[in-house]
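Commentary on secondary and tertiary structure
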Amino acid sequence: MPIIDMNKVYILGHRQERQKIFNLLHQMGTVEMLDVKSGEAWRDFQTLLEPEQSSEELFQIDSHRSDIRFCLDFFQRHFPIRKSMLEQFTGSRLDLTDEQFSNYVASFDQVESVHQACREAEEKLVRIRNEVTQSQNLIEDLRPWASLDLPLEEVEDGSWTMMDLFIVPFENYSVLQEALTDSFSEYFLDKVFTDEENVYFFFSALTENKQEIDELFRNKAVTRASFPDVKGTPSELIDSLNKKLESLQHEKSIVLSGVEKLLVHRHMLMACYDYVDNEYEKHQAVDNLARTDNSFFMEGWVPVPVLNDLETMINDKTETAILATRDPEPHEQVPVLLHNKGMAEPYEVVTKLYSTPKKDELDPTPFMAPFFFLFFGICLSDAGYGILLGLLAFYLYRKLTLGESGRQLLKLLILGGISAFAFGILLGGYFGDLIALPALLFDPLKEPMTMLIAALGIGLFQVYFGMGLQAYRNIKGGKPLDAFYDQGFWFIFLNGLILWIAGITFGQWIALTGAVGLILTQGRSQRSLLLKFFSGLLSLYNVTQYLSDVLSYSRLFALGLASVVIGMVVNSVGDLAAGSIIGYIFLVIILVIGHFFNMIISTLSSYVHTSRLQYLEFFNKFFEGGGRSFKPFRIKNNYVDIVETEKG
Amino acid sequence: MEGIAIAMLGVALAVGLAGSGSAIGIGIVGQSACGLISEDPDKFGQTLLLQALPGTQGIYGLLAGFLIMQDIGIVGEELVELTVWQGYAFLMAALPIAIAGFSSGIYQGRVLASSINLIAKRPEEMGKGIVYAVMVETYAVFALLATILMLFGIDV
């Protein structure tokens, strides 16, 4: 049975044992907790029960959690742990033994001081960064004035003369000069610096003319360069600012080396984060419970196969808890856990990407698995790539610790490699045409039509198979007539058409029988006779749907050919280089890189196009999906994986 | 002999147009990917995978071009004598993958640029982003199929 049966489980126990039971359940990781307040027990015994509330501790734990998170993020910002290309897909975690983990968690009291130190370092770094920006900006502003040999604090208006530093757009400068000479008899203007846009100048005049000068400057878009609160000439200032920048850099490196010393705590923090995060989950789960004065009550789903383990555990390890189970009721939203055996298991990853099946639905995985295996092989169809892919996937499978879907994906690729190897031998592909062995079955390059018809034939078979599964569902659901009308008539109609097209005239009578059947039955949900007839007639239009479904399988042919022909392209490019010794070196490089590249690209497109055929051409015949996945209450790992000791 | 030049136009269009479609598509995805990487450098591997997807159109174009080159003897021992009409036949055969490769590469790139946004928020849903993109690629596959069938039908 690919979908595991679930049972509702109720646990009633003494409050004092609550934490203990929680820890046990959390470790087992096989129970999905439900909110008691939305269950029927709550309705029936509302007078007795009260909602349990998560304790004050929750906030405490949450604040610890965010403290550790802050430290780890802080470390990551300044001393990042780089992930390798592979780890970006698999996620990288720290492998710890049970003992190491508990040692780290035991030093939890250090978290506070590390966090304190990180905070202080962060504050210092922010301050340094601000000061650096300020100084850099000031230097930028001062730079044009560097040749001005005048202490800036002396540039101020007196009672007789005014003076200041100004900036004017380049194109206005000459106009401004003319206007000044025209209007004022007494003034002093010293051009300090010119760049592409502006002219920077020192200007002094009689204070009594100040208003007119301001007016004139406004008209000519002159701006005042003001440097409040600084002393000394611009060049002195720039020098001292540069010195300040240096000392800030120095200070920064001191702070960072302080942080570097804190890095020894990184592993401890990672372990503590996982510990605290799981504690948080446990405390939060308390919200789901109900309680009386001295007891607690919880509700959840548990897969039937582990029910016994759960019962023995509760009986052996606790004194007060009682466990009760019952079968799910029809209206209940039962979570779905897939469990396929053997070869079909890795293909769960394909199903799950589409949708989790509903609880009463057929799990499509075992039906889809052989097709997936076959199609993947046809798309890749190269013995060399098959071996390479299989070995690569096998190596990664052994080397990496992965989650369930990662493992399934690699197993799927190993099987895919085997399938591609087989089809490579059948259709004669060995790294393109690198090894010229004849095809066992036929060569698709020489007999393309055979290959195309074979691809469409396999496609037609899968479409029929999907219809058959839907018919089976209808019969099982007590609607055998639906199976006959909706799948049977189509089966007759389509086969008749195919025979007819193939030149067997008798086929038209079979097709006609099917068509009449469809016209008579497909409108059966309509009320009026006329509507029944027309929607029946209209349903024949669906034949285009079947046609396009089957034609879609032609991609098997195209992709299979593509992977082999690209391999041949690589070989002939390599051939161009061959000849001298250097040429042969190039030949080898071209072959290795080219074939590896082609294998990766072809594998990718084999995987996605094969998946697409399952989803759109196969699943839509019989599979609805939309079920809810089983989400057990269990240990989550963010940073740390607990590995068994001495496993090598 | 005049047919050769026309057949070579077919090669040029298949490789050039389908390749341009891929280049534009990959470019669009790359732009989005850079935006995501600025926030989260650890997603480089995932985004690189998505960025590689619109590359297939260019490969299909190259494949079609290679098949034509093989048929007319450009890769191989000597050039085949082609009549003008045979040359046109090769040119026509190259058109499906040239046209559909160009447009599907671009639109696949657009879908994948959105997939980059998708994995920014929900990295675990990358598979679904890929499936949407493959919908677009379907038509490049069909065009390649038409091209290949047409090529196999030409007698030289």
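Keep in mind it's a predicted model, so treat the numbers as computed, not measured.

1. Considerations on the overall build of chain A
Secondary structure summary: chain A contains 22 helices and twelve strands in total. Taken against the 2.2 N^0.38 rule, which gives 26 Å for 648 residues, the C-alpha radius of gyration of chain A at 39 Å runs more than 25% over that of a compact globule. Projected onto its principal axes, the C-alpha positions of chain A cover 115 × 80 × 70 Å. Within chain A, counting contacts between residues at least 6 apart in sequence, those at least 24 apart form 81% of the total. Summing over all exposed atoms, chain A offers an accessible surface of approximately 34400 Å²; the carbon and sulfur share of this is 58%. Each charge sign in chain A was given a centre, from 55 positive and 82 negative side chains, and these centres are 9 Å apart.

2. Observations regarding the overall build of chain B
Each helix and strand in chain B was counted, giving five helices and zero strands. Here the C-alpha coordinates of chain B stretch approximately 60 × 20 × 20 Å along the principal axes. The 156 residues of chain B split such that 49% are buried. Counting contacts in chain B only where the partners sit at least 6 residues apart, residues at least 24 apart contribute 85% of the total. Entry remark: accessible area of chain B is about 6700 Å², with carbon and sulfur atoms responsible for 66%. For chain B, the separation between the mean place of its 5 positive charges and that of its 12 negative charges on side chains is 26 Å.

3. Here we look at the pairing of strand 5 (residues 161-169) of chain A
Residue and element names in this part refer to chain A. The element strand 5 is largely enclosed, with a buried count of eight among its nine residues. Direction of pairing for strand 5 relative to strand 7 (residues 198-206): antiparallel, over a ladder of nine bridges. Bridge assignment links Thr161 to a residue of strand 7, and that residue is Leu206. As judged from the two bridges shared by strand 5 and strand 8 (residues 223-224), these two strands associate in the antiparallel manner. What sits directly across from Phe166, in strand 8, is Arg224.

4. Here we look at unusual backbone geometry
Residue and element names in this part refer to chain A. At Ser381, a residue that is not glycine, the phi angle is positive and equals roughly 35 degrees. For Phe431, which is not glycine, the phi dihedral falls at a positive 50 degrees. Looking at where Phe431 falls in the secondary structure, it is placed in the loop between helix 15 (404-427) and helix 16 (448-476). Judged by relative accessible area, which is 22%, Phe431 ranks as partly exposed.

5. What about helix 16 of chain A?
The terminal C-alpha atoms of helix 16 of chain A lie 42 Å apart, and with 29 residues this matches the ideal 42 Å at 1.5 Å per residue to within 8%. One or two residues past the end of helix 16 of chain A sits Gly478 of chain A, with phi positive at roughly 80 degrees.

6. Quick word on the sheet that holds strand 6 (residues 187-194) of chain A
Residues and elements named next belong to chain A. Strands sit in the order 6-7-5-8 across an open sheet of four strands; the sheet is antiparallel. Edge strands, defined here as strands with exactly one partner in the open sheet, are strand 6 and strand 8. By the bridge criterion, seven bridges tie strand 6 to strand 7 in an arrangement that is antiparallel. Each residue of the ladder has a partner; that of Tyr187, found in strand 7, is Ala205. Across the face of the sheet, helix 7 (residues 173-183) comes into contact with strand 5, strand 6 and strand 7 while running at roughly 170 degrees to strand 6. Contacting strand 5, strand 7 and strand 8, helix 8 (residues 210-219) runs over the sheet at an angle of about 165 degrees to strand 7.

7. Observations concerning the interface of chain A and chain B
Each side of the interface is counted separately: chain A has 32 residues, and chain B has 33 residues. Summing the contributions of chain A and of chain B, the shared interface buries around 2800 Å²; its carbon and sulfur component is 81%. In this structure, the connection of chain A to chain B is made through zero salt bridges. At the surface where chain A touches chain B, the tally comes to three residue pairs in polar contact (both at pLDDT 80 or more).

8. Quick look at the packing of aromatic side chains
Residue and element names in this part refer to chain A. Considering all chains together, one arrives at 47 aromatic pairs over all chains under this definition. What links up through ring pairs into an aromatic cluster is the set Tyr354, Phe367, Phe371, Phe375, Phe461, Phe465, Tyr553, Tyr615, Phe618, Phe619, Phe622 and Phe623. Over the aromatic face of Trp301 sits the side chain of Lys8, whose NZ or CZ is 4.8 Å from the ring centroid.

9. Comments concerning the confidence of the model for chain A
Summary statistics for chain A give a mean pLDDT of 86 and a share of 97% for residues scoring 70 or more. For chain A, per-element mean pLDDT is lowest for helix 4 (residues 85-90) of chain A, which scores 67, and highest for helix 13 (residues 365-380) of chain A, which scores 95.

10. Quick word on the packing of helix 14 (residues 383-399) of chain A against helix 15 of chain A
Residues and elements named next belong to chain A. With their axes 7 Å apart at the nearest point, helix 14 and helix 15 run at an angle of 160 degrees to one another. By the angle between their directions, the pair helix 14 and helix 15 is classed as roughly antiparallel. For the pair helix 14 and helix 15, the crossing hand works out as left-handed. In this structure, helix 14 contributes Ala383, Gly386, Ile387, Leu389, Gly390, Ala393, Phe394, Leu396 and Tyr397 to the contact, and helix 15 contributes Arg407, Leu410, Lys411, Leu413, Ile414, Gly417, Ala420, Phe421, Gly424 and Ile425.

11. Some remarks on the packing of helix 3 (residues 57-78) of chain A against helix 10 (residues 266-285) of chain A
Residues and elements named next belong to chain A. Here helix 3 crosses helix 10 at 150 degrees, and the two axes come no closer than 9 Å. In terms of axis orientation, helix 3 runs roughly antiparallel to helix 10. The way helix 3 lies across helix 10 gives a crossing that is left-handed. Within the contact between the two elements, helix 3 uses Glu57, Leu58, Ile61, Asp62, His64, Arg65, Ile68, Arg69, Cys71, Leu72, Phe75 and Gln76 and helix 10 uses Arg266, Leu269, Met270, Cys272, Tyr273, Val276, Asp277, Glu279, Tyr280, His283 and Gln284.

12. Brief notes about the domain arrangement of chain A
Each assigned domain of chain A is listed with its residue range as follows: domain 1 (150-232) and domain 2 (342-622). The distance between the C-alpha centroids of domain 1 of chain A and domain 2 of chain A comes to 81 Å.

13. Thoughts on a negative patch on the surface
A cluster of acidic residues, Asp149, Glu153, Glu154, Glu156, Glu236 and Asp239 of chain A, forms a negative patch on the protein surface. By the secondary structure assignment, Glu156 of chain A is in the loop between helix 6 (110-142) and strand 5.

14. Here we look at the environment of Ile119 of chain B
With respect to the secondary-structure elements, Ile119 of chain B resides in helix 4 (residues 84-121). Ignoring anything within four residues of it in the chain, the contact list for Ile119 of chain B reads Leu36, Lys43, Gln46, Thr47, Leu50 and Met126 of chain B.

15. A closer look at the state of the cysteines
Disulfide: a covalent bond connecting the sulfur atoms of a pair of cysteines. Enumeration over the complete set of coordinates arrives at zero disulfides over all chains. For the unlinked cysteine Cys272 of chain A, the closest cysteine sulfur is that of Cys71 of chain A, found at 11 Å.

16. Points about the pairing of strand 1 (residues 6-14) of chain A
Residues and elements named next belong to chain A. For strand 1, a buried count of seven out of nine residues is recorded, marking the element as mostly surrounded by other parts of the structure. Of the strand pairs in this sheet, strand 1 and strand 10 (residues 295-303) are connected by nine bridges, and their pairing is antiparallel. By the bridge assignment, His14 is partnered in strand 10 with Ser295. Inspection of the sheet shows strand 1 paired to strand 11 (residues 322-326) by five bridges, in the antiparallel sense. Residue pairing for strand 11: Lys8 is matched across the bridge by Arg326.

17. So, helix 10 of chain A
The terminal C-alpha atoms of helix 10 of chain A lie 28 Å apart, and with 20 residues this matches the ideal 28 Å at 1.5 Å per residue to within 8%. With 16 of 20 residues buried, helix 10 of chain A lies mostly within the body of the structure.

18. Here we look at the pattern of salt bridges
Residues and elements named next belong to chain A. In the structure shown here, the tally under the stated rule is 26 salt bridges over all chains. As a salt-bridge pair, Glu17 and Lys20 come within 3.6 Å of each other at their nearest N and O atoms. What makes Lys20 partly exposed here is its relative accessible area of 38%. A salt bridge links Arg65 to Asp277, with the shortest nitrogen-to-oxygen separation between them at 2.6 Å. Highlighted residues: Arg65 in helix 3 and Asp277 in helix 10, separated in sequence by 212 residues.

What counts as what
Residues numbered from 1 in each chain as written. Chains lettered and ligands numbered in written order. Predicted model: local features only at pLDDT ≥ 70, side-chain atom pairs only at ≥ 80, totals over all residues. Heavy atoms only, no water. Helix = DSSP H or I, 4+ residues; strand = E, 2+ residues; numbered from the N terminus. Rg over C-alpha atoms; globule rule 2.2 N^0.38 Å. Contact = heavy atoms within 4.5 Å. Areas by Shrake-Rupley, 256 points an atom, 1.4 Å probe, with all protein chains shown as cover. Lys, Arg positive; Asp, Glu negative; His and termini not counted. Charge placed at Lys NZ, Arg CZ, Asp CG, Glu CD. Buried < 20%, exposed > 50% of the residue type's maximum accessible area, 1.4 Å probe, protein only. Pairing = 2+ DSSP bridges. Expected span 1.5 Å × (residues − 1). Axes fitted to C-alpha atoms, helices over the stretch in contact; angles between N-to-C directions. Buried area = accessible area lost by both parts, 1.4 Å probe. Salt bridge = Lys/Arg side-chain N within 4 Å of Asp/Glu carboxyl O. Polar contact = N/O pair within 3.5 Å; in protein donor to acceptor, adjacent residues only side chain to side chain. Phe/Tyr/Trp six-rings, centres within 6.5 Å; stacked < 30°, edge-to-face > 60°. Lys NZ or Arg CZ within 6 Å of the ring centre and 35° of its normal. pLDDT = per-residue confidence, 0-100. Parallel < 35°, antiparallel > 145°, perpendicular 65-115°, else oblique. Left-handed = near helix turned anticlockwise from the far one by under 90°. Domains from an automatic or database assignment. Patch = residues over 30% accessible without salt bridge, like charges linked within 9 Å, V, L, I, M, F, W, Y side chains within 5 Å. Disulfide = S-S within 2.5 Å.

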